[in-house]
Amino acid sequence: MNLIQKIKKNVLIPFFAFIFAFFIGGLVIVFSDPEVMSNLKSPSKFLTTALSKIGNSYLAVFQGSIFDINLARGESFFKGFYPLSETIVTATPLILTGLAVTLAFRSGLFNIGAQGQFIFGAIGASYVGFHFDLPPVIHPIVAIITGVFLAGIYGGIVGLLKAKTGAHEVIVTIMLNYIAGFFILWVLKTSVFLRPGRIDPLAPEVNPNSRLSQFLGEDLRIHVGIFIALAAALFVWWLLKKSTLGFKFRAVGANANAARSAGISIAFVTTSTMVLCGGLAGLGGAVHVLGTEYALTNNIGGSLGFDAITVALLGGAAPLGTVIAALLFAALRTGGTTLQSNTGTPAEIIQVIQALIVLFIAAPALIKGIFRLKQSSTDKTLTAKGWNG
Amino acid sequence: MSNLTAQQLRQVRGLITMGVITIFAFYAFYFNSDKTESITFGFIVGNEWVLLKEWVVASKTGAGIFLICSMFGLLIGYLEFKAKRTLTFSSLIFGFGFVMSFLCWAASGKFIPFTGLLQGSLMLSIPLIFGSMSGLLCEKSGVINIAIEGQLLAAAFVSGIVASLTQNSIWGLVAAPFAGALISLLLAIFAIKYAVDQVIIGFVINVLVIGFTGFIYSELLVEYEEKWNSGPSFSSIEIPLLSKIPIIGPVLFNQTIIVYLMYVIVIVIQIALFKSKWGLRTRAVGEMPVAADSVGINVNRLRFFNVMLAGFVAGIGGAYFTIGSVGSFTKQMTAGAGFIALAGLIFGKWSPRGAVIAALFFGFADNLQSTLTIIGLAIPSEFMLMVPYVATIIAVSGVVGRVRAPAADGIPYSRGNK
């Protein structure tokens with residue numbers, strides 16, 4: 001694949017996918033708004049109200065995710081970047097869980113279980129965070145290692161079951177997500193995790209020593225977790241591109257039969273991939289607890305499991321792509337909150353737009369058909385193996 | 001032992017596991033049980049509220065009786081194994097005995113509304129059964145359907161809105177299958193025409209439907225509830241004679257029209273899949289599309305047809321959430337039922353009968369959990385809630401028996417490109 005083709009594939013298609021998704025998202029916003037629709041009788045009025053509605057909505061998304069001019073005018077120019085800091089805070093766990101899905105994709109596995117693995121990482125880090133009293137720097141490291149370890153085991157179960165019994169990872173990870181969801185509900189009710197004086201499912205806050213530092217001051221919530229996430233992305237890139245283990249992963253992902261003939265143990269690759277994926281998602285959970293949330297709640301995972309997959313798909317199952325996609329989706333997410341509060345348009349529209357983006361990217365043939373781009377023979381869309389794979 | 005096939009080895013392993021569980025249960029629920037109070041089962045016989053029968057049994061005695069039932073199941077299992085048959089019937093008897101003995105032990109001194117327990121289980125199973133039938137229709141012909149959740153949710157959404165706008169639940173029921181089919185159309189176009197990976201596309205469709213219905217819900221259904229989200233729901237129809245059958249009569253034959261439709265659909269699918277020309281072709285296309293193509297079956301057209309049909313079926317199931325029970329729609333009201341239905345399909349080894357049994361089991365486990373939580377039980381409800389999911393993992397791991405999907409499931413078909 002030469003450079004131009006590469007640019008076409010990695011830039012042009014996502015670009016068109018974005019334009020398309022935002023266009024359809026705009027239509028949905030307009031057609032579901034009774035106020036705008038009431039102007040339907042006079043086309044010119046309808047068009048202006050519709051366009052201003054869409055414009056205001058997307059402007060609110062930008063304001064809520066990148067730069068808020070009102071904040072900048074009010075206090076300081078620097079303060080205007082508060083939304084950007086929020087975007088990066090949201091992106092941090094998204095990058096890590098996205099990597100957990102990306103890495104699995106490269107070994108031919110579809111890891112829907114980032115949610116459950118994330119939860120176990122969060123539980124481990126939270127426990128070490130509030131239960132022990134360790135010196136700074138060491139404390140977060142121990143907490144993170146605990147979370148990663150727990151989540152690694154949780155992910156490893158999937159790989160081991162697949163390797164030993166052929167149980168399909170999609171079904172096992174879906175089930176394990178539910179189990180993790182119930183498990184955290186139970187854990188938060190136990191006397192160990194119950195915050196003294198409270199009866200609702202809320203763990204104690206982690207000790208100040210164990211928290212990840214907010215390196216731009218107390219006003220901005222951005223914390224060192226983003227560097228951990230970027231380092232993890234670098235690690236995954238190195239693993240896949242430069243290491244022997246990563247070569248085995250990719251070999252199995254590309255053609256399991258050929259890899260087996262070449263003497264690569266599929267069982268080993270499946271298990272170690274899932275352990276690493278679990279660890280990555282768990283790192284996300286740990287970082288999220290120690291850097292952003294401080295206290296474990298039953299909803300700590302949110303919809304991260306789903307988002308992680310959309311991020312990995314958008315990122316083309318490549319580490320750099322995943323980072324960029326996570327930042328983009330985080331921007332949409334944080335922007336969605338502002339969208340809802342400023343214009344009254346429900347934030348779920350962001351989820352629709354995200355799904356549409358991935359839909360168009362997952363089906364390059366469709367976009368190419370629409371825009372009459374040249375079909376290249378080297379195109380390979382992402383694949384997960386069927387039930388028997 | 002050494003000359004057993006892999007299948008038989010697994011059966012031996014399964015039987016040994018059942019045996020160990022029985023011994024453990026005898027120890028825990030009978031010999032070592034400190035429960036002295038008795039348990040009361042309430043049955044509704046015949047007309048509701050009119051004839052309430054109670055069965056009182058001492059905790060230990062009850063546990064013992066049902067464990068003997070389990071051992072009986074084990075014996076049948078051994079006979080089935082000797083006769084080289086699958087261990088279906090025996091597992092059912094074993095499971096029934098085990099669950100009942102557990103109940104006798106756990107709910108000692110309490111009252112269990114047995115008929116209510118069964119009714120609740122069936123109610124929870126209904127959308128699962130519709131969902132797994134939808135998955136079955138797709139997967140038997142070779143298209144993986146992860147989008148069941150999306151089909152159910154879209155149909156629940158549309159049927160709720162249509163019923164509210166027309167103030168007529170019949171129109172809601174008419175519209176629901178088309179909503180399911182619309183989602184199917186998306187799946188079919190991407191999976192069959194554009195050959196996009198089916199697991200991924202199904203997944204993305206779910207996110208899309210969750211987002212879209214959530215958006216419209218917040219934008220329209222909450223604000224203009226009177227107009228958009230206050231639909232009526234079906235009332236139960238009692239079938240004469242059949243509803244008078246003791247225990248199961250009031251459970252099975254005093255239901256809404258959606259449930260009766262479900263009986264028909266399940267029976268038709270079970271028969272058609274194994275007895276009709278369409279069924280034979282469907283299975284051929286799902287197992288070996290090349291061979292099917294070579295005898296003149298249009299593989300992709302049949303797949304398209306089946307995926308659309310699946311959408312209609314799932315659509316009726318989706319209607320159950322709104323007009324079949326509460327009437328109005330709420331955000332993400334299917335709450336993962338589509339994924340459980342998918343698990344049920346796999347749990348039931350891709351057969352209609354198996355999927356129904358699996359769905360009933362999931363519904364029962366779910367409802368048993370809430371019943372036990374209400375009467376107050378030592379075991380945390382979260383662990384009871386985990387049971388169906390753990391059971392599914394055990395099932396797909398092949399402890400009970402190897403499950404095998406249709407051979408061409410998930411592989412797009414195009415001539416000359418296998």
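Here the structure is a predicted model, which is why all the values come from computation and not from measurement.

Novice: Please explain the overall build of chain B as it appears in this structure.
Specialist: Within chain B one finds 16 helices and five strands. By principal-axis analysis of the C-alpha atoms, chain B measures approximately 65 × 65 × 40 Å. By the burial criterion, 51% of the 418 residues in chain B qualify as buried. Long-range pairs, those at least 24 residues apart, make up 75% of the contacts in chain B with a sequence separation of at least 6.

Novice: Teacher, can you tell me more about the interface of chain A and chain B here?
Specialist: In this complex, chain A contributes 44 residues to the contact, which on the side of chain B involves 41 residues. Looking at the side of chain A that touches chain B element by element, the count peaks at eleven residues for helix α8 (residues 169-187) of chain A. Counted by class, the side of chain A that touches chain B contains 32 nonpolar, eleven polar and one charged residues.

Novice: Just to check I follow, could you spell out helix α13 (residues 304-314) of chain A for this structure?
Specialist: Side chains three or four residues apart in an α-helix point the same way, a direct result of the helix having 3.6 residues per turn. Burial within α13 of chain A is extensive, with eleven of its eleven residues counted as buried. Here α13 of chain A has its buried residues at L304, G305, F306, D307, A308, I309, T310, V311, A312, L313 and L314 of chain A. For α13 of chain A, the elements touching its buried residues are α5 (82-106), α6 (114-131), α8, α14 (319-343) and α15 (348-362) of chain A together with α7 (198-221) of chain B. Downstream of α13 of chain A by one or two residues, G316 of chain A has phi in the positive range, about 65°.

Novice: Got a minute to help me understand the environment of G279 of chain B in this structure?
Specialist: Tracing the backbone through its elements, the reader meets G279 of chain B in helix α11 (residues 277-287). Remark: the alpha-carbon pair of G279 of chain B and G202 of chain B, spanning 77 residues in sequence, is separated by 24 Å.

Novice: Where do I start with the domain arrangement of chain A in this structure?
Specialist: Many analyses report the size of an interface as the accessible area lost when the parts associate. All names here are of chain A. Domain annotation for chain A reports domain 1 (1-65 + 345-380) and domain 2 (88-328). Inter-centroid distance (C-alpha atoms) of domain 1 to domain 2 is 30 Å. Listed by partner, the interface residues are seven residues for domain 1 and four residues for domain 2. When residues of the side of domain 1 that touches domain 2 are assigned to their parent elements, the largest contribution, six residues, is made by α15.

Novice: Mind showing me how you'd approach the environment of K35 of chain B here?
Specialist: Residues and elements named next belong to chain B. Mapped onto the elements of the fold, K35 is located in the loop between α1 (6-31) and β1 (38-44). Of the residues examined, K35 has 19 C-beta atoms within 10 Å and is grouped as partly exposed. Sequence separation of K35 and G109 is 74 residues, and the distance between their C-alpha atoms is 8.4 Å.

Novice: Any chance you could explain the packing of helix α10 (residues 257-275) of chain B against helix α13 (residues 299-326) of chain B here in plain terms?
Specialist: In helix packing, the relevant descriptors are the interaxial angle and the interaxial distance, both defined with respect to the helix axes. Residues and elements named next belong to chain B. Contact pair α10 / α13: the axes reach a minimum separation of 10 Å and the direction vectors enclose 160°. The angle between α10 and α13 places the two elements in the roughly antiparallel class. The handedness of the crossing between α10 and α13 is left-handed. Judged by residue contacts, I258, L261 and I265 of α10 engage V313, I316, A319, Y320 and G324 from α13. Class assignment for the residues of the contact of α10 with α13 results in seven nonpolar, one polar and no charged.

Novice: Which parts of the structure should I look at to understand the domain arrangement of chain B?
Specialist: The domain boundaries assigned to chain B delineate domain 1 (6-109) and domain 2 (119-367). Placing the centre of domain 1 of chain B and that of domain 2 of chain B at their C-alpha centroids yields a distance of 32 Å.

Novice: Hey, could you run me through the packing of α13 of chain A against α15 of chain A in this one?
Specialist: Residues and elements named next belong to chain A. Running from N to C, α13 and α15 cross one another at 40°; their axes reach a closest spacing of 9 Å. Considered as vectors, α13 and α15 are oriented oblique to each other. The element α13 and its partner α15 pack so that their crossing is left-handed. Taking contact as the criterion, the partners of T310, L313 and L314 in α13 are, on α15, Q354, A355, I357, V358, I361 and A362. By residue class, the composition of the contact of α13 with α15 is seven nonpolar, two polar and no charged.

Definitions and cut-offs
Residues numbered from 1 in each chain as written. Chains lettered and ligands numbered in written order. Predicted model: local features only at pLDDT ≥ 70, side-chain atom pairs only at ≥ 80, totals over all residues. Helix = DSSP H or I, 4+ residues; strand = E, 2+ residues; numbered from the N terminus. Buried ≥ 20, exposed ≤ 12 C-beta atoms within 10 Å, placed from the backbone. Contact = placed C-beta atoms within 7 Å. Nonpolar A, V, L, I, M, F, W, Y, C, P; charged D, E, K, R; others polar. Domains from an automatic or database assignment. Axes fitted to C-alpha atoms, helices over the stretch in contact; angles between N-to-C directions. Parallel < 35°, antiparallel > 145°, perpendicular 65-115°, else oblique. Left-handed = near helix turned anticlockwise from the far one by under 90°.

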